[in-house]
Each structure stands twice: as C-alpha cells, then as structure tokens.
Amino acid sequence: SADIITTHFEYHSIEHNLLKLDILGHDDPTMIRMLQDLTGIDVKKLPLNDEKVMSLFYGTEALNISSEDIEGFDLGSLGVPEFGTEFSMQMLRDTLPSTFSELVRISGLSHGTDVWTNNAQDLIKSGECTLSTAICTRDDIMTYLILNGVENSMAFKIMESVRKGKGLTDEMKTAMRENNIPEWYISSCLKIKYMFPKAHAVAYVMMAIRIAWFKVYEPLAYYAAFFSIRAKTFDYEIMAQGRAVLEKKLNELDNANNLTAKDKEMKKDMRIVQEMYARGIKFEPIDLYKAKADRFIITDGKLMPSFGTIDGMGGIAAETVEAEAAKEPFSSIEDFRNRTRIGTKLTDKLSELGIFGDLPQSNQLSIMDFLK
C-alpha cells in the first residue's frame, strides 16, 4: 500500500560500483573548532614541534606545576587526546618521546592489538630494538622490508598478512630470512593481531599536538573546551565548589572498593579539574542569565560551568533554561518553574546552590511585604 518501491539487490553483483563512506564521530575536531572560536587562533598555523608542548609528554614543567601539586601525576598529557589515558601515559614513561615522529609511533602502538603489550614493550626493555626500530604501524613493515631487500610485492603481502592478524606463511618467513631480517622482528610479526595505518596515527597526533598547544598557551580556552566536549561526568556540586571539595571526593573514590563505571569516568574528569586548580584557574558560580546549556564560558578570567553540569539537569531542560533566561528575567522561582517546566526537586537543588540569588519564591506579595 506504500508509494515507495523497495528493490533488493544481490550485493556482490554491484559491490564494485559502490562507494562506501566510513564517517566516524570524533570529539577532537569539535574541540579544535571550539578552541579556534574562543581564541581566534588559526589552528592550522600552530607549530607541531613547540618545545613546551612536547615537554608535556615527559613532565609538567610547561604547566608551571609539579607532580606533587596533582598527587604524583608526573606528565602534563592528562586530557590530551591519544596520550591522556593511564595506558598511553605508561607508554610515554617507557619510551620518553621528544619528537612528533616518536608520538606517531606511540599512537600506532597504542591502537594496535598485541603490538605493544607482550611485544614491542618487552623488545624495547630487553634492548632488542628501540622505539624508532620497533614495528608501530602497518606501513613500517613494508618500508622496512623493502629497504632491507625484500621484493616489493612480497613486502606488501607480508604487511597485509600481519596487519590483519594472519601471521606469516613459510614463504614469507623464508623471504625475510634470505634478506637477513632479525628473528626478533619475525617473532614480533607473528604476535600481531591488528595494526594501525600510519596516516591515521599522524592525523590523531596532529590534533593532539594542536590541542596540547592550547593547554600550554591558552589554558582557559583549553579547559573550557575540554569540560564542554570531552568531560562526560562533570558534576557542578563536586568539581566546581573549590579544590578542597574536589579533593575530598577524590580521596573517597581513591579509597573506595568496587567503583562503578561512572565513578571511574568521573575520577578521570576530576584529575583534569585538580590540574586546573593547581594552575590557579577557578570556577565562577553559574549565573542564571549568563550560563549556557552545554558549554562552559570564560568570564572575568574564570570558567563558568554549563547548566548541564548540575546533577539531574538533562539536555532539554538545560536548553529550556538558557532559552527562557534569554527572553526576559524571571520574576520569581515560581515563574521560573512555570516557564521551564522543571520539577520541584531540581528547582530546590538550584535554590540550594544559590543559582536563583535573591529571587523571591512567588510573584504574590506576602503580608510582611505589604506591611513594609
């Protein structure tokens, strides 16, 4: 009965005529755009070899803080995409990178499967290879083999087999040994289950370096963008009420057993907040008429969190509050509740947090007001 006719094709009869687009959702370009909008700086013109920025990957000096200020964290790469997780930070400690190309190699190692753990990590520790000679991206295999005399098409076949996790055939091993490829290299290839392409690693590291540049030179913009886009568990009551409140909660989580997935994610965001406090940056209380629904804003040298950081304030509710506040001032808390359709429980929380200021409960005058 529908007007639409749906025709079904046998896929393999048309697969060579199809163009497939793999479009990934990615926070980093969004964050870079917000940083550019906040500062007016063209990110494409930023250097990719700035010494202070590179130092974040082996210390905290560029942030003008010490590891003691952030409970022993010895790197400045917290919150930098690709290099802010505990796994990647341990890789940084093990390899001590100081150049862009070394960061590309680390990115390749961290995205591969069985490329770093029980493979390159052990080989580097034992001295069999270095970061610059280890297998880090799929391209490394083909270029290394060709440079060492392996025939081009065989080098390509070996790369494809290894990066798909299919190992090496006897023919491939023979070709490698005939050209004096070390046994550790062959053994490393046999362990790999998946390998990252170098172009991906380069693109990721370029974004990471650009974001890291803002962390060093435009910290207010960096933290505003990070908390707006990447911090999924930011809690206004816990994180924006000062360093003492934050670190008390952090200590509770550090000593708790069986943390929930949300608690673990919150701890990561709290570490970034702790670092921000250590750098002397503070939060401004949420202003009913200035705050945005889902973006942190910079005001008077401080950061004002979004409405969405208040526990219980959903996205639609936050957008409604921002929209209604922009139309005209609220005459009372009752007026706020009527216009935003926000329930009593959340309204009471906003009142406790001081967000309503001296706004009266109702538009009607009390007897005492009348007598005054």
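**Q** I tried to follow a nonpolar patch on the surface on my own but got confused; where do I start?
**A** Taken together, the side chains of Leu19, Leu21 and Ile23 present a nonpolar region at the surface, about 420 Å² in accessible area. Mapped onto the secondary structure, Ile23 falls in the segment before helix H1 (27-39). Residue Ile23 is classed as exposed on the basis of its relative accessible area, which comes to 73%.

**Q** In this structure, what is going on with the packing of aromatic side chains? I would like to understand it.
**A** How two aromatic rings sit relative to each other is given by the distance of their centres and the angle of their planes. Taken as a whole and assessed by the stated rule, the structure comprises 20 aromatic pairs. Between Phe227 and Phe234 the ring centres are 5.2 Å apart and the planes differ by 55°, which places this aromatic pair in the tilted class. For Phe227, a relative accessible area of 2% translates into the label buried. Through pairs of rings, three or more aromatic residues link up here, namely Tyr222, Tyr223, Phe226, Phe227, Phe234, Tyr277, Phe283 and Phe296.

**Q** Looking at this structure, I do not really get the environment of Glu247. What am I missing?
**A** Tracing the backbone shows Glu247 in helix H13 (residues 243-254). Classification of Glu247 as partly exposed rests on a relative accessible area of 23%. Residues Glu247 and Gln274, 27 residues apart in the sequence, show an inter-C-alpha distance of 7.6 Å. Not counting the four nearest positions on each side in its chain, Glu247 is found in contact with Glu71 and Gln274.

**Q** How should unusual backbone geometry be read in this particular structure?
**A** When glycine is set aside, most residues are seen to have a negative phi, and most peptide bonds are trans. At Glu82, a residue that is not glycine, the phi angle is positive and equals roughly 80°. Looking at the secondary structure, you find Glu82 in the loop between helix H2 (51-55) and helix H3 (86-95). Even without a glycine there, the phi angle at Asn180 is positive, about 60°. By the secondary structure assignment, Asn180 is in the loop between helix H8 (170-178) and helix H9 (183-191).

**Q** Help me understand helix H4 (residues 100-111) in this model?
**A** Side chains of residues three or four places apart in an α-helix project in the same direction, reflecting 3.6 residues per turn. Its 12 residues place the ends of H4 17 Å apart at the C-alpha level, agreeing with the 16 Å of an ideal helix rising 1.5 Å per residue. Among the residues making up H4, those that are buried are Leu103, Val104, Arg105, Ile106, Ser107, Gly108 and Leu109. Among the structural elements, H2, H3, helix H5 (116-126), helix H6 (138-147) and helix H10 (198-217) are those in contact with the buried residues of H4.

**Q** What's the story with the nonpolar core in this structure? I'm lost.
**A** Nonpolar side chains in soluble globular proteins tend to be buried together. Counting residues in each nonpolar core, the largest one holds 117 residues, and the members touching the most others are Phe227 and Phe283. Broken down by element, the residue count for this core peaks at 11 residues, all from H10. Those residues in contact with Phe227, other than ones at most four positions away along the chain, are Phe234, Asp269, Ile272, Val273, Met276, Phe283, Phe296 and Leu303.

**Q** Explanation requested: helix H14 (residues 261-278) in the structure shown.
**A** Compared with the 26 Å implied by 1.5 Å per residue over 18 residues, the 26 Å span of H14 between its first and last C-alpha is a close match. Those residues of H14 that fall on the buried side of the exposure criterion are Met266, Asp269, Met270, Arg271, Ile272, Val273, Gln274, Glu275, Met276, Tyr277 and Ala278. In this structure, the buried residues of H14 make contact with H10, helix H11 (219-230), helix H12 (236-239), H13 and strand S2 (302-304). Looking one or two residues past H14, Gly280 carries a phi angle of roughly 90°, positive in sign.

**Q** Sorry if this is basic, but what is going on with the packing of H8 against H9 here?
**A** Helix-helix packing is characterised by the crossing angle of the two axes and by the distance between the axes. Closest axis-to-axis distance for the H8/H9 pair is 10 Å, and the angle between their directions is 155°. By the angle class used here, H8 and H9 are roughly antiparallel. Between H8 and H9 lies a crossing whose hand is right-handed. Of the residues in H9, those touching H8 at Lys173, Met176 and Arg177 are Glu183, Tyr185, Ile186, Cys189 and Leu190. Across the contact of H8 with H9, the residue classes tally to five nonpolar, no polar and three charged.

**Q** Honestly, the side chain of Gln121 in this entry has me stumped. Any pointers?
**A** Relative to the helices and strands, Gln121 resides in helix H5. The exposure class of Gln121 is buried, given its relative accessible area of 16%. In contact with Gln121, other than residues within four places in its own chain, are Asp94 and Trp116.

**Q** Help me out: how do you make sense of the pattern of salt bridges in this one?
**A** Side-chain pairing between opposite charges can occur once the charged atoms of the two side chains come close. The final tally for this structure, using the stated rule, is 23 salt bridges. The partner of Asp37 in a salt bridge is Arg33, with the nearest N and O atoms 3.0 Å apart. Remark: Arg33 and Asp37 occur in helix H1; sequence separation between them is four residues, near one turn of the helix. By relative accessible area, Asp37 is classed as exposed at 52%.

The rules behind each value
Residues numbered from 1 in each chain as written. Predicted model: local features only at pLDDT ≥ 70, side-chain atom pairs only at ≥ 80, totals over all residues. Heavy atoms only, no water. Patch = residues over 30% accessible without salt bridge, like charges linked within 9 Å, V, L, I, M, F, W, Y side chains within 5 Å. Areas by Shrake-Rupley, 256 points an atom, 1.4 Å probe, with all protein chains shown as cover. Salt bridge = Lys/Arg side-chain N within 4 Å of Asp/Glu carboxyl O. Helix = DSSP H or I, 4+ residues; strand = E, 2+ residues; numbered from the N terminus. Buried < 20%, exposed > 50% of the residue type's maximum accessible area, 1.4 Å probe, protein only. Phe/Tyr/Trp six-rings, centres within 6.5 Å; stacked < 30°, edge-to-face > 60°. Contact = heavy atoms within 4.5 Å. Expected span 1.5 Å × (residues − 1). Core = buried A, V, L, I, M, F, W, Y, C linked by side-chain atoms within 4.5 Å. Axes fitted to C-alpha atoms, helices over the stretch in contact; angles between N-to-C directions. Parallel < 35°, antiparallel > 145°, perpendicular 65-115°, else oblique. Left-handed = near helix turned anticlockwise from the far one by under 90°. Nonpolar A, V, L, I, M, F, W, Y, C, P; charged D, E, K, R; others polar.

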